[in-house]
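Each chain, written out:
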Amino acid sequence: MAPEPSLTSEEMSLALIRIAARQREPDAALSCPRCGWEGLFVIDRSQRPESDVYVLSCSGCGLDASLEVPAADP
Ligand SMILES: [Zn+2]
């Protein structure tokens, strides 16, 4: 069965929590928001000051999705 290409809203909020945790602790392993495998690969593709774009890739479940995070107001 092919994995869903995009994140559900639940997976998206989990991913946001984990990305925020990684910013505090860059060496921490990230677990996949879909299958929980601790080896989630995150590529930071941020190009604009307005938002951050992360590509999430998991070899456990085949997740490969991008996640756009609007920059928070200071
Ligand atoms: Zn996974």
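Rules used in this analysis
Residues numbered from 1 in each chain as written. Predicted model: local features only at pLDDT ≥ 70, side-chain atom pairs only at ≥ 80, totals over all residues. Helix = DSSP H or I, 4+ residues; strand = E, 2+ residues; numbered from the N terminus. Buried ≥ 20, exposed ≤ 12 C-beta atoms within 10 Å, placed from the backbone. Contact = placed C-beta atoms within 7 Å. Pairing = 2+ DSSP bridges. Axes fitted to C-alpha atoms, helices over the stretch in contact; angles between N-to-C directions.

Next up on the list: the overall build of the protein. Each helix and strand counted, the protein has one helix and three strands in total. Along the protein, helices (α) and strands (β) appear in the sequence α-β-β-β when read from the amino end. Looking at the 74 residues of the protein, the share that counts as buried comes to 12%. Here the analysis covers contacts within the protein between residues at least 6 apart in sequence; of these, 28% occur between residues at least 24 apart.

To continue, consider the sheet that holds strand S1 (residues 41-44). Strands in a sheet are paired, the pairing made by backbone hydrogen bonds, and the direction either parallel or antiparallel. Strands sit in the order S1-S2-S3 across an open sheet of three strands; the sheet is antiparallel. Each edge of the sheet is formed by a strand with only one pairing partner; in this case those strands are S1 and strand S3 (64-70). Neighbouring strand axes in the sheet, compared pairwise and without regard to direction, differ in orientation by 25° on average. Here S1 runs beside strand S2 (residues 51-57); their pairing, made up of four bridges, is antiparallel. Residue Asp44 lies in a different strand from S2, and its bridge partner there is Tyr54. Packed onto the sheet, helix H1 (residues 9-24) meets S1, S2 and S3 and runs at close to 70° relative to S3.

Another aspect to go through is the environment of Glu10. One can find Glu10 in helix H1. A residue is classified by how many C-beta atoms lie within 10 Å of it, and Glu10, with 10 of them, is exposed.

It is worth spelling out the environment of Ser51 at this point. Along the polypeptide, Ser51 turns up in strand S2. Accessibility expressed as a C-beta count within 10 Å gives 11 for Ser51, which makes it exposed. The spacing of Ser51 and Ala71 is 20 residues in sequence and 4.7 Å in space, taken between C-alpha atoms. The residues touching Ser51, leaving out its near neighbours within four places in the chain, are Glu68, Val69, Pro70 and Ala71.

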